[in-house]
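Reading the structure
This is what each chain is made of:
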Amino acid sequence: MKVLIVGLGSIAKKHIEALRVVDPLVEIFALRSSSNLNSIECVTDLLSLKSCPSDINFAIISSPTFKHIESINQVLELNCPLFIEKPVYHKLDSELAELVSKVSDKGLLTYVGCNLRHHEALIKFKELLENELNSGAKVEEVNSYCGSYLPNWRPGIDYKKSYSASIEMGGGVDLDVIHELDYLLWIFGTPLDVRFQKFSRSHIDIPSIDAAYYWLNYAGFQINLSLNYFRKSPKRETEVVLDSGVLKIDLLNSILTKDNRVIFQGSSSAVLESYTTQMKYFIEHIQNQKKFENDLNQGVQTLKICLENAER
C-alpha cells in the first residue's frame, strides 16, 4: 500500500503509527514545502507531486486547518480517495464551496477524520442508547463536556505560538474539539436550531476562542455542550437523561454507567486505539469502494453547525 501525507505535525504521526499497524509494509510519502524541514524515519519526503508514485492508494490531509483547501487542491490531480483530518476548514466561504463542488465532480471518496466515532466505549454508548429508545424511553436532556489544559497539550512547545492559539491558522477550542459536535450529531442527528456563545477571556490568555457553549435544540429535548482549553484536570463526558434513567460515558477512562452503575469498562488507551480502528475502517471502505457516512459533505454540515447560530 502507498500513501501520501500532506502535513507532518502531531496528528500526522498518529496516522502514520496507525498505518504501520494496519500494514507494516506500507510505503509513506510526504509532500513537503521545503527540504529544510525535519523528516520522519521511513517516510519519503517529496518536494513536488511530480515525484509521487502514480499508484498512490490514498492521500491524508493533515496540514494546519487553514491550509486544508490548498492541500486538497494540490492532490486532486491524483484522483485518489482523501482522508481529511477534522475540521474540514476554519471558515465557511466560497473557496470551500468551490472545493466541495470540485471533489464531487471528480467522484472522489472522502472521509473526515473524527476518530472518536471509533472509540470502543462511544460505540457501545450509542448502541445502548438506541436500545433504550427502541424500548420506548424518551430523552429529556443531554449534557456534554470537554475541558482540558491547552498549555499541557504539546510538551516543549509554547502553547501561545501553536496553531490552537491562532485565529488565522484555524485554532480555537470550537474547531479543535469539533469531535464533540461530530459525535453528538452522529448519535442524535441534525438539530432544529443551534445557539452558542464563545469567549476568549480565560487565564491562558490567547487570541483564539478558549471556551465555547452550544445549545442544540431537538424535538422534545436540548443538548448542552461545553468546551474549553483552561481546565487543568481533564474531563470528557456526556450524559443522556432519559425518563428511564441516566446513561453516562467517561471518554477519557472508557467507562459507561447507567444510574451511576458501571455497565461497561473499556481500555484505558481507547482514544489512542481509535486511530488504528479508524484507519482500518477507512482502508476497508476504499478497498470496497464504499461511500463514507462522515464524508466531506457531512464534514461541511458539521462545520456549519460549529460556526453558525441558525435555524436548520
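Structure's up top.
Residues numbered from 1 in each chain as written. Predicted model: local features only at pLDDT ≥ 70, side-chain atom pairs only at ≥ 80, totals over all residues. Heavy atoms only, no water.

Glancing now at the sheet that holds strand β2 (residues 27-31). If you trace the six strands from one edge of the open sheet to the other, you get β3-β2-β1-β4-β5-β6, paired in parallel fashion. Of all strands in the sheet, those with a lone pairing partner are β3 (43-46) and β6 (110-113), marking the two edges. Each strand of the sheet is rotated relative to its neighbour by a mean of 25°, with strand direction disregarded. Bridging between strand β1 (residues 2-6) and strand β4 (residues 58-61) involves four bridges; their strand directions are parallel. Its bridge partner being in β4, isoleucine 5 is matched across the sheet by isoleucine 60. (Pairing = 2+ DSSP bridges. Helix = DSSP H or I, 4+ residues; strand = E, 2+ residues; numbered from the N terminus. Axes fitted to C-alpha atoms, helices over the stretch in contact; angles between N-to-C directions.)

Assignment of secondary structure puts glutamate 132 in helix α4 (residues 120-134). Since its relative accessible area comes to 17%, glutamate 132 is described here as buried. In this structure, glutamate 132 is in contact with Ala137, Leu242, Ser244, Leu247 and Lys258, ignoring residues within four places of it in sequence. (Buried < 20%, exposed > 50% of the residue type's maximum accessible area, 1.4 Å probe, protein only. Contact = heavy atoms within 4.5 Å.)

Quick look at the packing of aromatic side chains now. Under the counting rule described, the total for this entry stands at 14 aromatic pairs. Ring plane angle 75° and centroid distance 5.2 Å describe the contact between phenylalanine 83 and phenylalanine 282, whose orientation is recorded as edge-to-face. Linking phenylalanine 83 in strand β5 (residues 82-85) with phenylalanine 282 in helix α7 (residues 270-287), this pair joins segments that are 199 residues apart in sequence. Ring centres of tyrosine 111 and phenylalanine 282 lie 6.0 Å apart, and the angle between their planes is 50°; on these two criteria the pair is classed as tilted. Linking tyrosine 111 in strand β6 with phenylalanine 282 in helix α7, this pair joins segments that are 171 residues apart in sequence. For the pair tyrosine 111 and phenylalanine 282, a shared accessibility class is recorded, and that class is buried. Here a set of aromatic residues connected by ring pairs shows up, and it is made of Phe58, Phe83, Tyr111, Tyr281, Phe282 and Phe292. Residue placement shows lysine 235 over the ring face of tyrosine 145; its charged tip is 5.1 Å from the ring centre. (Phe/Tyr/Trp six-rings, centres within 6.5 Å; stacked < 30°, edge-to-face > 60°. Lys NZ or Arg CZ within 6 Å of the ring centre and 35° of its normal.)

Assignment of secondary structure puts lysine 291 in the loop between α7 and α8 (296-307). When the C-alpha atoms of lysine 291 and leucine 109 are compared, they prove to be 6.4 Å apart, with 182 residues separating the residues in sequence. Look past the residues within four positions of lysine 291 in its chain and what remains in contact with it is Leu109 and His285. A distance of 2.5 Å separates a polar atom in the side chain of lysine 291 from a polar atom in the side chain of aspartate 295. (Polar contact = N/O pair within 3.5 Å; in protein donor to acceptor, adjacent residues only side chain to side chain.)

The biggest cluster of nonpolar side chains holds 74 residues, and the ones touching the most others in it are Leu4, Leu122, Phe188 and Tyr214. If one sorts the elements of this core by residue count, helix α6 (residues 179-188) sits on top with seven residues. Residues within four places of leucine 122 in sequence aside, it is in contact with Leu116, Arg117, Tyr183, Trp186, Ile187, Ile249 and Leu251. In terms of nonpolar packing, the next biggest core, distinct from the first, is built from 24 residues, Val3, Ile11, Tyr275 and Ile283 among them. (Core = buried A, V, L, I, M, F, W, Y, C linked by side-chain atoms within 4.5 Å.)

Examined against the element boundaries, serine 162 turns out to sit in the loop between β7 (139-149) and α5 (173-176). Assessed through its relative accessible area of 7%, serine 162 is described here as buried. Polar contacts involving the side chain of serine 162 include one to the main-chain carbonyl oxygen of tyrosine 159, which spans 2.7 Å.

A few words now on the packing of α6 against α8. Look at α6 against α8: their axes get within 10 Å of each other, and the N-to-C directions meet at 115°. The chirality of how α6 crosses α8 is right-handed. For the pair formed by α6 and α8, the contact residues are Leu181, Asp182 and Leu185 on the first element and Thr302, Ile305 and Cys306 on the second. Grouping the amino acids of the contact of α6 with α8 by side-chain chemistry returns four nonpolar, one polar and one charged. (Left-handed = near helix turned anticlockwise from the far one by under 90°. Nonpolar A, V, L, I, M, F, W, Y, C, P; charged D, E, K, R; others polar.)

As a further point, take the pairing of β1. The buried fraction of β1 amounts to five of the five residues, a majority that puts the element mostly inside the structure. The alternating pattern of β1 places Lys2, Leu4 and Val6 on one face and Val3 and Ile5 on the opposite face, and all of these are buried. Of the pairings in the sheet, the one linking β1 to β2 comprises five bridges and is parallel in character. Paired with leucine 4 across the bridge in β2 is phenylalanine 29. Handedness of the β-α-β unit built from β1, helix α1 (residues 10-22) and β2 comes out right-handed. (Right-handed = clockwise from strand over helix to strand, strands pointing away.)

Let us look at the pairing of β2. Judged by how many residues are buried, β2 sits mostly within the fold: four of five residues are covered. Two strands pair when backbone bridges link them, and β2 and β3 are joined in this way by four bridges, in the parallel orientation. Among the inter-strand pairings, leucine 31 is bridged to a residue of β3, identified as leucine 46.

Scope: geometric values only; no functional claims are made or implied.
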